[in-house]
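Residue-level structural notes
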Amino acid sequence: MMTVEKIFHRLLKTLLVLAALAPAFSPALAGDYKEEYRLSTVLPDSFPWGQGGKRWAELIREKTQGRITVKMYPGASLVGGDQTKEFTALRQGTIDLAVGSTINWSPQVKELNLFALPFLMPDHRALDALTHGAVGQDLFTLLAGKDVVPLAWGENGFREISNSKHPVTTPDDVKGMKIRVVGSPLFIDTMTALGANPVQMSWADAQPAMATSAVDGQENPLSVFSAAKLYTINQKYLTLWGYVADPLIFVVAKSVWESWSSEDQQAVRAAALEAASEEVALARNGIMAGNESLLTAIAGNGVTITRLNDEQKEAFRKATRAVFEKWAKTVGEPLVSKAEDAIAKR
Ligand code: X2X
């Protein structure tokens, strides 16, 4: 027969054991999670890039059964529109998650300039060979040492040059033109080598600059050209030269990542991979052999599209070769060689 006293003691013991165990489980308690996490992108959901961010947030909510709620802040608004400060803000805790362009993060992560070396990647297969191969892995390892957890590769795209003046087929055609560029000083060097007059500004400032003819031209992927309707702000001549491409990277700030249970980490990773692969498909929609509907639509808006043949491309490659070599040193020559090998074997 148990006395009341014995029952009381057992109960007390059980309670003490439970209390001792509780801290071990606390990382999994919802109370440690923020009510809302902040996801930064540059472009909003009218572009593939913003669609990618929006979809990632949706999938996170779904796959974590609502344990993690993410709100997207497009326009790099968490850093006052200054997209080149996004990576620093991720490290400092102002941003929790981001879908960011390698260009915008390259001022802080010099190796990311790899994708902006002029004429390194001849086509989408070359881009895929890098992001889905050993080079992409190396870059993810590098980022993992910089307070972020990289999860998936997305895509802004091959950056094609446009202007308000005339068709561009030779380097001479861009001489003296005021071209808006973004991010890394590598872009200033490339445009300067071509004899253009580059002006660095954020995407937010670029559109009024085109509208008021403060600049003559710009370079951005076709999906961006089309969704931003750059033909309505004087961009009437578009040249397909494919000189560089910027992938996007889906990341979570490391401190945020570590506050999540491993189950939720897995869910967020799976969500990133799914959203990224959908985003890449959107970025390529209508611009590839077999379906050029986006290009047709752009031409239908009164834009003169010029496609460079190999010989014409070669002239641009030659004119920018010294810039490639200078910046290959900044990126790191072993990484550049590894990239060139992967592209040759694609
Ligand atoms: O600013 C640009 O040109 C954009 C939107 O493409 C990037 O953020 C790299």
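Calculation rules
Each residue is numbered by its place in its chain's sequence as written, counting from 1. This being a predicted model, a pLDDT of at least 70 is required before a residue's local features are given, and a value of 80 or more before pairs of side-chain atoms are given or counted; all residues contribute to the totals for chains, interfaces and linings. To get the side-chain values, all heavy atoms of the structure are used, and hydrogens and water are removed first. Cavity: a set of points on a 1 Å grid over the protein atoms alone where a 1.4 Å probe fits but cannot get out. Pocket: an open set with protein on both sides within 12 Å along at least five of seven lines, its lining residues, like those of a cavity, having an atom within 4 Å of a point. Grid points are joined across faces, edges and corners, and a volume is the space filled by probe spheres set on the points. Just so you know the grouping, Ala, Val, Leu, Ile, Met, Phe, Trp, Tyr, Cys and Pro go in nonpolar, Asp, Glu, Lys and Arg go in charged, and all remaining residues, Gly too, go in polar. Helix and strand assignments come from DSSP, with helices taken as H or I runs of at least 4 residues and strands as E runs of at least 2, each series counted from the N terminus. Pairing of aromatic side chains here covers Phe, Tyr and the six-membered ring of Trp, requires ring centres within 6.5 Å, and sorts the geometry by plane angle: under 30 degrees stacked, over 60 edge-to-face, intermediate tilted. Only lysine NZ and arginine CZ atoms are considered, and such an atom sits over a ring when it is within 6 Å of the ring centre and within 35 degrees of the ring normal. We define proximity as follows: a residue is near a molecule or strand when any one of its heavy atoms falls within 4 Å of that partner. Whenever two N or O atoms come within 3.5 Å, that pair is a polar contact, provided that in protein one can donate a hydrogen and the other can accept it, and provided that, for residues adjacent in sequence, both atoms are side-chain atoms. For every accessible area listed, the method is Shrake-Rupley and the probe measures 1.4 Å; residues are considered covered only by the protein chains on display. More than half of a molecule's atoms lying within 2 Å of a cavity's or pocket's grid points is what places that molecule inside it. At least two DSSP bridges between two strands are required for those strands to pair. Helix axes are fitted to C-alpha atoms over the stretch in contact, other axes to C-alpha atoms as well, and angles between N-to-C directions run from 0 to 180 degrees. Two residues qualify as a contact provided that any one of their heavy atoms is within 4.5 Å of a heavy atom in the partner residue. Salt bridges are defined by distance alone: a side-chain nitrogen of Lys or Arg within 4 Å of a carboxyl oxygen of Asp or Glu. With a 1.4 Å probe rolled over the protein chains alone, any residue whose accessible area is under 20% of its type maximum counts as buried; one over 50% counts as exposed, and the rest are partly exposed. Note on angle classes: values under 35 degrees are labelled roughly parallel, values over 145 roughly antiparallel, values of 65 to 115 roughly perpendicular, and the remainder oblique.

In this section: empty space enclosed by the protein. Taken as a whole, this structure holds 2 cavities of 30 Å³ or more when the rule is applied. Roughly 100 Å³ of internal volume is contained in the largest cavity. What lines the largest cavity is a set of 15 residues, among which W49, Q83, N156, R159 and N220 lie closest to the centre. Residues of the lining of the largest cavity, tallied by class, amount to 7 nonpolar, 5 polar and 3 charged. One number sums up the size of the second largest cavity: a volume of about 40 Å³. Along the walls of the second largest cavity sit T102, I103, S106, L112, N113, F115, A116, F187, A245 and D246, which together make up its complete lining. Broken down by secondary-structure element, the contributors of at least two residues to the lining of the second largest cavity are α4 (102-105) and β10 (245-253).

Attention now goes to the packing of aromatic side chains. Counted according to the given criterion, the structure contains 12 aromatic pairs. These aromatic residues form a ring-pair network of at least three members: F119, F187, W241, Y243 and F316. Just above the ring of Y73 sits the side chain of R38; from NZ or CZ to the centre is 5.9 Å. Above the ring of F324, the side-chain terminus of R321 is found at 4.1 Å from the ring centroid.

What follows concerns the site of the ligand. In the vicinity of the ligand there are 13 residues, among which Q83, N104, R159, R180 and N220 approach most closely. A distance of 3.0 Å is found between an oxygen atom of the ligand and a side-chain nitrogen or oxygen belonging to N104. Within the contact set of the ligand, an oxygen atom lies 3.1 Å away from a side-chain nitrogen or oxygen of N156. Look at the ligand: alone it shows 270 Å² of surface, and the protein chains cover 100% of it. In this structure the site holding the ligand corresponds to the largest cavity.

The mixed open sheet is built from 5 strands, whose spatial order is β2-β1-β3-β10-β4. If you trace the sheet from one side to the other, it starts and ends with β2 (70-73) and β4 (148-158), each paired once. Each adjacent strand pair in this sheet contributes to an overall mean axis angle of 20°, direction not counted. Pairing geometry for strand β1 (residues 37-40) and strand β3 (residues 97-101), over 2 bridges, is parallel. Pairing of S40 across the sheet is with A98, part of β3. In this fold helix α5 (residues 124-131) packs onto β4 and β10, with an angle of close to 175° to the strand it touches most, β4.

The sheet built from 6 strands is open, its strands ordered β7-β6-β8-β5-β9-β11 with mixed pairing. The open sheet has two edge strands, β7 (197-200) and β11 (304-307), and neither has a second partner. If you compare each strand with its neighbour and ignore which way they point, the axes differ by 25° on average. As paired strands, strand β6 (residues 178-181) and β7 are joined by 4 bridges and run parallel to one another. Bridge pairing links R180 to V199 in β7.

Before going further, it helps to examine the pattern of salt bridges. Taken as a whole and assessed by the stated rule, the structure comprises 22 salt bridges. Here D45 ties to K54 by a salt bridge, and the two come within 3.7 Å at their closest N and O atoms. Since its relative accessible area comes to 34%, D45 is described here as partly exposed. A salt bridge links E292 to R307, with the nearest nitrogen and oxygen atoms 2.9 Å apart. With E292 in the loop between α11 (262-284) and α12 (293-300) and R307 in strand β11, the pair connects residues that are 15 residues apart, well separated along the chain. The class for E292 is partly exposed, based on a relative accessible area of 30%. With relative accessibility at 48%, the residue R307 sits in the partly exposed group. Each of the salt bridges in this network shares a partner with another, and the network as a whole consists of R55, E58 and E278.

Summarising the element assignment, A144 is placed in helix α6 (residues 134-144). With a relative accessible area of 29%, A144 lands in the partly exposed category. Along the backbone, A144 and A253 are 109 residues apart, and their C-alpha atoms lie at a distance of 9.6 Å. For A144, the contacting residues outside a window of four places in its chain are P150 and K254.

Contact geometry of helix α13 (residues 310-331) with helix α14 (residues 333-344) gives a least axis separation of 6 Å together with a crossing angle of 110°. Between α13 and α14, the crossing angle belongs to the class labelled roughly perpendicular. Within the contact between the two elements, α13 uses F324, A328, K329 and V331 and α14 uses E333, L335, V336 and E340. Among the residues forming the contact of α13 with α14, the class breakdown is 5 nonpolar, no polar and 3 charged.

Right, let's get into the layout of surface pockets. A probe matching the size of a water molecule, rolled over the atoms, marks out where space remains unfilled. Estimated volume of the largest pocket: approximately 450 Å³. Around the largest pocket, the lining is made up of 24 residues, and of these H124, F158, E160, L240 and I287 lie nearest the centre. Within the residue set of the lining of the largest pocket, elements represented by two or more residues are β4, α9 (222-227) and α11. The dominant element in the lining of the largest pocket, judged by the number of residues it contributes, is β4, at 4 residues. Looking at side-chain class alone, the lining of the largest pocket contains 12 nonpolar, 5 polar and 7 charged residues.

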